[in-house]
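Listed below, chain by chain, are the residues.
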Amino acid sequence: MNPPLRVAVTGAAGQISYSLLPRIASGAMFGPGQRVILQLLEVPVEKAMKALEGVAMELDDCAFPLLAGMELTDNARVAFRDADWCLLVGAKPRGPGMERADLLKDNGAIFTAQGRIIDEVASAEARVAVVGNPANTNAMIAASTARRLPAERFTAMVRLDQNRAQTMLARKAGVDTTAVTDIFIFGNHSPTMFPAFEHAKIQGQPAATRIPDRAWLEGEFCEKVGKRGAAIIAARGASSAASAANALVDHVRDLCTPGAIHSVAVPSKGHYGFAPEVWAGLPVRTTTPGSYEILTGLTLDAFAQSKIAATNKELVEERGMVADLLG
Ligand code: NAX
């Protein structure tokens, strides 16, 4: 058997992690033959650390065969030491009356510090996946501090948006979700992101052929994918957790699976009209485990270009708001 992978998870006592950690420990993320050591980071607050102890007790009580160890800590250096994967879930939530710029700055400070420490102490092969919002910009900030690890190793999650779009297309066409492929998310993990339906396929045919309702695709579909997070909060009284954890499992598993084609927020390098220095959701193909190439050559009509321009504008604005934090 391979040596255990060290997986650092921040925000480990939060609601996403509560759904995520059992999935990692059960083998859903790295496969049924791969043991894992969980390195769990929380804030240095008694309540949070106590809650983390409770989570660890539950993981113990699952007797997962693949769980080779756990470390519970409020020290980022301990959490990220020799980590193969760093899953950055913890972030400061937006409080009442808080401006977006303040949220960006507060989280920017967290991700500057964590990016720097990851770069110093994580495995030379470390990969980073950011979930904590604003995820794209947080990934960019963390990557900007790194001197040893290449920027491409820092990704942010747009997979929840992809999964939401996949199910919505399947429902509309009356098919199983597995019949829907190649639905890619472009841009920011925010209501501006664009689910690019024109490349999507349903049972191998263009989605627009199977769903000939262009007004629905451009209107309700895009809007509902973008605002799904708010709809969950309105219904559940809390933000998406199980589906976010599931999306992170998909994000990492597909990044470990050569040939997988999926949406990931990565440094755009100017593809598809995005500013070169922002982290944008883009279609990628995994090349070797943990590495990917951006899929190029997809055509974008005027509608798609206008949607991409809007989400790129937001990413560029976010970058401007944290310019002083970039390393
Ligand atoms: P919770 O508030 O339940 O948990 C967050 C946890 O992070 C808390 O336990 C907190 O103590 C901890 N934390 C805060 N700062 C930390 C730090 N510097 N180091 C370590 N731990 C820290 O939030 P939860 O529902 O789990 O959501 C976590 C993040 O995911 C939020 O930023 C949320 O906005 C974001 N989301 C991102 C999604 C995406 O698709 N990219 C979707 C779901 C979710 O909204």
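Read on for a plain summary of the structure. Think of each chain on its own: its residues are numbered from 1, step by step along the sequence as written. Only residues with pLDDT of at least 70 get local features here, since the model is predicted, and only at 80 or more are side-chain atom pairs given and counted; chain-wide, interface and lining totals rely on the full set of residues. Values shown for side chains rest on all heavy atoms present in the structure; no hydrogens or waters enter the calculation.

1. Observations concerning the pairing of strand β13 (residues 279–286)
Here is the rule we go by: Type-normalised accessible area, obtained with a 1.4 Å probe on protein chains alone, sets the label of each residue: buried when under 20%, exposed when over 50%, and partly exposed for intermediate values. Runs of E in the DSSP output that reach at least two residues are strands. Runs of H or I that reach at least four are helices, and both are numbered from the N terminus. Strand pairing requires that DSSP identify at least two bridges connecting the strands.
With 7 of 8 residues buried, β13 is to be regarded as a mostly interior element. Taken together, the 7 bridges between strand β12 (residues 261–267) and β13 define a ladder with antiparallel strand orientation. Counted as the bridge partner of His262 is Val284 from β13. Relative to strand β14 (residues 292–294), β13 runs antiparallel, the two being bridged by 3 bridges. By the bridge assignment for β14, Val284 is matched with Ile294. Connecting β13 to the next strand, β14, in antiparallel fashion are 5 residues, including Gly290 with a positive phi near 90 degrees.

2. Focus on the sheet that holds strand β10 (residues 201–202)
An order of β7-β10-β11 is seen for the 3 strands of this open sheet, with the pairing classed as antiparallel. A single partner strand is all that each edge strand has here, and the edge strands are β7 (180–181) and β11 (205–206). Pairing between β10 and β11: 2 bridges, direction antiparallel. In the strand pairing of β11, Lys201 is matched with Pro206.

3. Describing the site of the ligand
Selection rule: For this description, a residue counts as near a given molecule or strand if any of its non-hydrogen atoms is within 4 Å of it. Counting of polar contacts relies on pairs of N or O atoms within 3.5 Å, with two restrictions inside protein: one atom must be capable of donating a hydrogen and the other of accepting it, and residues adjacent in sequence are counted only when both atoms are side-chain atoms. Working definition of accessibility: Shrake-Rupley area with a 1.4 Å probe, residue cover restricted to the visible protein chains. Amino acids outside the nonpolar list (Ala, Val, Leu, Ile, Met, Phe, Trp, Tyr, Cys, Pro) and the charged list (Asp, Glu, Lys, Arg) are all regarded as polar, and Gly is one of them.
Looking at the ligand, there are 22 residues lining it, with Gln15, Ile16, Glu42, Val131 and Asn133 nearest. Take Glu42: an N or O atom from its side chain is 2.6 Å from an oxygen atom of the ligand. Here Val131 contributes a backbone N or O atom positioned 3.3 Å from a nitrogen atom of the ligand. Protein chains bury 80% of the 880 Å² of accessible surface belonging to the ligand in isolation. Elements represented by at least two residues in the shell around the ligand include exactly α1 (15–26) and α4 (100–121). A per-class count over the shell around the ligand returns 11 nonpolar, 10 polar and 1 charged.

4. A word on the pattern of salt bridges
If charged atoms from side chains of opposite charge come close, those side chains can pair. Here is the rule we go by: Salt bridge, as used here: a side-chain nitrogen of Lys or Arg that lies within 4 Å of a carboxyl oxygen of Asp or Glu.
Tallied over the full model, the rule gives 17 salt bridges. Between Arg77 and Glu120 there is a salt bridge, with its nearest N and O atoms 2.8 Å apart. Here Glu120 lies in helix α4 and Arg77 lies in helix α3 (residues 76–80), a separation of 43 residues in the sequence. The exposure class assigned to Arg77 is partly exposed, which follows from its relative accessible area of 34%.

5. Quick notes on helix α11 (residues 302–321)
Heads up, the rule is: Helix span, expected: 1.5 Å multiplied by one less than the number of residues in the helix. Directions drawn from the helix axis to the C-beta atoms are what define this arc.
The first and last C-alpha atoms of α11 sit 29 Å apart over 20 residues, in line with the 28 Å expected at 1.5 Å per residue. The set of residues buried in α11 consists of Phe303, Ala304, Ile308, Thr311, Asn312, Glu314, Leu315 and Glu318. Taken around the axis of α11, the buried residues stretch over an arc of 160 degrees, which confines them to a single face. In this structure, α11 carries Ala302, Lys313 and Gly320 as exposed residues pointing more than 90 degrees from its buried face.

6. Brief notes about the side chain of His251
Relative to the elements of secondary structure, His251 occurs in helix α10 (residues 242–255). Only 3.0 Å separates the side chain of His251 from the side chain of Thr155, close enough to count as a polar contact.

7. As for the packing of aromatic side chains
Rules: Note on ring pairs: Phe, Tyr and Trp rings are taken, using the six-membered ring of Trp, and paired if centres are within 6.5 Å. Classes follow the plane angle, with under 30 degrees stacked, over 60 edge-to-face and the rest tilted.
All chains considered together, the criterion is met by 7 aromatic pairs. Seen in terms of ring centroids, Phe30 and Trp85 are 6.3 Å apart; in terms of plane orientation they differ by 50 degrees. Their pairing is tilted. On the criterion of sequence distance, the pair formed by Phe30 in the loop between α1 and β2 (36–41) and Trp85 in strand β4 (residues 85–88) is long-range, its members being 55 residues apart. Accessibility classification places Phe30 together with Trp85 in one group, the buried group.

8. Quick notes on the nonpolar core
Basically, it comes down to this: What makes a nonpolar core is a set of buried Ala, Val, Leu, Ile, Met, Phe, Trp, Tyr and Cys residues whose side-chain atoms join them at distances within 4.5 Å. Each domain span listed reflects an automatic or database assignment of domains.
Membership of the largest hydrophobic core comes to 109 residues, with the highest contact counts inside it found for Val7, Leu20, Ile24, Phe80, Leu87, Phe221 and Leu248. Ranked by the residues each element gives to this core, the list is headed by α10, at 7 residues. Of the domains in this structure, domain 1 (5–156) and domain 2 (159–323) are the two that each give at least three residues to this core.

9. A word on the packing of helix α6 (residues 159–173) against α10
The criterion, for reference: Comment: axis = line fitted to C-alpha atoms, over the contacting stretch for helices; angle = value between 0 and 180 degrees taken between N-to-C directions. Working definition: roughly parallel below 35 degrees, roughly antiparallel above 145 degrees, roughly perpendicular at 65 to 115 degrees, and oblique for all remaining angles. In this description, contact between two residues means that some pair of their heavy atoms is separated by no more than 4.5 Å.
The geometry of α6 relative to α10 is characterised by a closest axis approach of 8 Å and an angle of 105 degrees between their N-to-C directions. One finds that α6 runs roughly perpendicular with respect to α10. Contact residues: α6 offers Arg159, Leu160 and Asn163, while α10 offers Ser243, Ala244, Asn246, Ala247, Asp250, His251, Arg253 and Asp254. When its residues are assigned to classes, the contact of α6 with α10 shows 3 nonpolar, 4 polar and 4 charged.

10. A look at the pairing of β2
How we decide: By convention a crossover is right-handed if, when the strands point away from the viewer, the path from the first strand over the helix to the second runs clockwise.
Most of β2 sits out of view: 6 of its 6 residues are buried. Two elements, strand β1 (residues 5–10) and β2, share 6 bridges in a ladder whose sense is parallel. When the bridges of β2 are listed, Ala8 appears paired with Gln39. Handedness of the crossover joining β1 and β2 through α1: right-handed. Two elements, β2 and strand β3 (residues 67–73), share 6 bridges in a ladder whose sense is parallel. Bridge assignment links Gln39 to a residue of β3, and that residue is Glu71. Tracing the backbone out of β2, into helix α2 (residues 46–62) and back to the parallel element β3 gives a crossover that is right-handed.

That is the geometry; function is a separate question.
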